Each structure stands twice: as C-alpha cells, then as structure tokens.
Amino acid sequence: MNHNVVDQSKDITILELLDRVLNKGVILTGDIVISVADIDLVYLGVKLMLCSVETMEQLKLGKSVPEKL
Amino acid sequence: MMIYSIISLNKNPEKLKAYLQGMKGILNTDLYAVFYNEIAVVVSDLKRANLVSDSVNALAYGDVIEKLAKQFTLLPMRFGSVLESRELIISMLEKNYYGIINNLQKVDNKFEFGLKVFCDTEKVLAELKIKLESDDKTETKSLKETQNSVYRDWVEKKLKEHRREEQLLSYVNTIIEDITNNLEKLDSVSKFKKMVTETTIIDALFLLDKPKKEDLVQTIGDMKIKYPGLNFVLTGPWSPYNFVDITIKE
C-alpha cells in the first residue's frame, strides 16, 4: 500500500478510531452502565453514548452536560 | 459482558475459536465467543464497576474490533455495549437474527475508508477571484442604480459573502464529482459531507471490496496530484462502522 496516500500518523488514527467507537457502529438499546472516576456507578441511557470522551470528562468534573445529550 | 462485535462465521466457527485464543480485551480480560447459528458475538467478562469510559478503554475496544476485522466479516458494536449474561446475548441474537444477517451480507468482505479534504479556503477563493470580481462589478453597478444608503453597503457585503460560499460549494461539488467518477470502477458505496468546517471541505466515507483497496489508494493518490492546493487525508481500512444500519433490541 502507498503509505504517502493512506495517513498513518498516530494522532489521526486515534481520532478516527475514537470517533468510530464512540459515535458509530451497532447500537444496543437499553441502559448501559459506566463508572466514571469519583462516581462509583452511573446508569446512563444509551443515547448518552453519543457523547464524546470530553463530555464524560465534564461529567467527571461535575460540570453540566450539553442539552443536546 | 462487554460486547465487541458480531461475526459472520461463514460455516467455520473453529477459525474464530482459534483466533481468539490468547486475545485480550479491555483491562486485559480474555476474549471469547458466544455462538448462535451462523453468527457469533465476541465478548469479554467485565465487572460493571471496572467499565470506565475513558479514551484508553475506548481505544482498546476499537483495537479488538480492528484486529477481528482483518480476519472476519463483522458488525462493530458501539463502545459501551453490555449484556448481563450469555442467555441474554443468545436471546438478543435470536430476536435480531435476520437484521444482523442482512447487515453482515451488506458488508461482507468489505472495508471502510475515510477521506477528509482540507483546504486553505482563502487561497482557493483567491484562485477563483477573477470570476468573483467580474460578478461583483455587475452586482455593484446594479445596486448603485437602485439604492443609495447604508443599507446598500450591508446588502453588498452579504451578497459578496453569499457569492463566496456559492463559489466554494461549486468547487467542492466539482471535486466530489471527480472523485465519484474515478471511483465508479470500484463499485464502492460512498457518503459525502460538504463544508464540514471552513477548512474541511469534504468528509467522505467509502465501503469497498477488500481486494480493491489498492485501487482506492491509487485513485486518491491521483487526486492529490491533480489538486495540489488541497490536502487529502485518507484513513483505513476500518471496520464498516458507518455502513451498518441496525439498532439491536435486547
């Protein structure tokens, strides 16, 4: 494969992979369970999985979650 | 149980069993498969309290899926997909079997690629300046004849912005048409988003047969040469995250 054409830089690969695993793929309906640091056990509707890691960080810090979520 | 992906067994469950030997999932948990007819779900046992939604775990999750995709046709699950027991997984597969099979057939032996096209908008518009200036003259003359106020300046400014957007969009459409024409021979499925940001003028996704990936790379390489002012970023191959169309019910 021509490596000049396919971008293989680590940062871009990480961003693209994160975008896919957090925002795409098959959705399983129902509730999921996530624990975030300082919050032992949080039950979240599956819609919340549309959020990014940054939003989870906001949750962790006790900041409000954007309304769109 | 953390669910990573749904795999098409292709009448060969032993291949999956062998492949999963020694493979690890999130937090170093062992991966194994739950089988149902012609499909299987790859899972690992994870205590709820340990399921932290951070980038390390999300990347580990994605990494498992990408490794599996190299060997099997699969539907990637979204990060955070959990079911409590093997019985619930079997029940889920039973209820959604035909939808899963349809989606697996759609992505059978195919890869996803992503393409982002970046540009210096001002530079591109500068190259299109001759046409803009010619339009400006006609428009300004027309306005002067009919208006004589501060309002005219505001209208002129808005018209100019609108023309810039139109010019840029027209340019983007030309590139998309060019890409589409060149990819026609690959029989790929394409999705395009235009003008995602000021600098990301195209965000595209392609689903194509695995053996055709070199042709895609060649085609995008040719586009890079043809449009030296644009920055083409092609990534992949990926699992078909953007081409699965199913919401699974428990």
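### Section: the nonpolar core
For step 1, the next point in the chain: Counting 60 residues, the largest nonpolar core has B:Y4, B:I7 and B:V42 as its most contacted members.
For step 2, the next point in the chain: Filtering out sequence-adjacent residues up to four positions away, B:V42 remains in contact with B:Y4, B:S5, B:I7, B:L20, B:L31, B:A33 and B:L68.

### With respect to the confidence of the model for chain B
Predicted coordinates in regions of low pLDDT should not be interpreted in detail.
Residue and element names in this part refer to chain B.
For step 1, the next point in the chain: Scored by pLDDT, chain B comes out at a mean of 87, with 91% of its residues at no less than 70.
For step 2, the next point in the chain: Within chain B, no element has a lower average pLDDT than helix α6 (residues 129-146), which sits at 58, and none a higher one than strand β2 (residues 31-36), at 97.
For step 3, the next point in the chain: Here the predicted complex scores 0.77 on pTM and 0.83 on ipTM.

### Quick notes on the sheet that holds strand β1 (residues 2-8) of chain B
All names here are of chain B.
For step 1, the next point in the chain: Strand order in this open sheet of 4 strands is β2-β3-β1-β4, and the pairing throughout is antiparallel. Two strands bound the open sheet, and with one partner strand each, they are β2 and β4 (74-76). For this sheet, the mean inter-axis angle between neighbouring strands, taken without regard to orientation, is 25°.
For step 2, the next point in the chain: Here 3 bridges tie β1 to β4, and the two strands are oriented antiparallel to one another. Looking at the pairing, I7 lines up with L74 of β4.
For step 3, the next point in the chain: Sheet strands in contact with helix α2 (residues 55-69) are β1, β2, β3 (39-44) and β4, and its direction is about 15° off that of β1.
For step 4, the next point in the chain: Those strands touched by helix α4 (residues 97-106) are β1, β3 and β4, and its axis lies near 105° from that of β4.

### Some points on α2(B)
Residue and element names in this part refer to chain B.
For step 1, the next point in the chain: Spanning 15 residues, α2 covers 21 Å between terminal C-alpha atoms, matching the ideal 21 Å at 1.5 Å per step.
For step 2, the next point in the chain: Residues of α2 that are buried include every one of N57, A58, Y61, G62, V64, I65, L68 and A69, and no others. Down the axis of α2, the buried set is contained in an arc of 150°. They therefore lie on one face.

### Digging into the packing of helix α7 (residues 150-183) of chain B against helix α8 (residues 213-226) of chain B
All names here are of chain B.
For step 1, the next point in the chain: Following both chains from N to C, one finds α7 and α8 inclined at 145°, their axes separated by 10 Å at the closest point. In terms of crossing hand, the pair formed by α7 and α8 is right-handed. The residues of α8 that touch α7, namely those facing D178, I179, N182 and L183, are T219, D222 and M223.

### Re the pairing of β1(B)
Residue and element names in this part refer to chain B.
For step 1, the next point in the chain: Of all the 7 residues making up β1, 7 are buried; the element is thus mostly covered by neighbouring parts of the structure.
For step 2, the next point in the chain: Note: β1 against β3, 6 bridges, orientation antiparallel. Residue pairing for β3: I3 is matched across the bridge by V43.

### Examining the sheet that holds strand β5 (residues 110-119) of chain B
For step 1, the next point in the chain: The strand order across the open sheet built from 4 strands is β6-β7-β5-β8 (chain B), with neighbouring strands paired in antiparallel fashion. The strands lining the two open edges of the sheet, one partner per strand, are β6 (189-194) and β8 (230-238) of chain B. Strand-to-strand twist in this sheet, taken as the mean axis angle between neighbours without regard to direction, amounts to 15°.
For step 2, the next point in the chain: Judged from the 6 bridges that link them, β6(B) and strand β7 (residues 200-209) of chain B form a sheet pairing that is antiparallel. The partner of B:S190 across the bridge, within β7(B), is B:F206.
For step 3, the next point in the chain: Of the strands in this sheet, β5 and β8 of chain B touch helix α1 (residues 10-23) of chain A, which is tilted by about 60° from β8(B).

### Notes on α1(A)
The periodicity of an α-helix, 3.6 residues per turn, causes residues three or four positions apart to be oriented the same way.
All names here are of chain A.
For step 1, the next point in the chain: An ideal rise of 1.5 Å per residue puts 20 Å on 14 residues; α1 measures up with 20 Å between its terminal C-alpha atoms.
For step 2, the next point in the chain: Taken residue by residue, α1 has L17, R20, V21 and L22 as its buried positions.
For step 3, the next point in the chain: Looking one or two places after α1, you find G25, whose phi comes out positive at around 90°.

So, how was this worked out
- Residues numbered from 1 in each chain as written.
- Chains lettered and ligands numbered in written order.
- Predicted model: local features only at pLDDT ≥ 70, side-chain atom pairs only at ≥ 80, totals over all residues.
- Core = buried A, V, L, I, M, F, W, Y, C linked by C-beta atoms within 7 Å.
- Buried ≥ 20, exposed ≤ 12 C-beta atoms within 10 Å, placed from the backbone.
- Contact = placed C-beta atoms within 7 Å.
- pLDDT = per-residue confidence, 0-100.
- Helix = DSSP H or I, 4+ residues; strand = E, 2+ residues; numbered from the N terminus.
- Pairing = 2+ DSSP bridges.
- Axes fitted to C-alpha atoms, helices over the stretch in contact; angles between N-to-C directions.
- Expected span 1.5 Å × (residues − 1).
- Arc of directions from axis to C-beta.
- Left-handed = near helix turned anticlockwise from the far one by under 90°.

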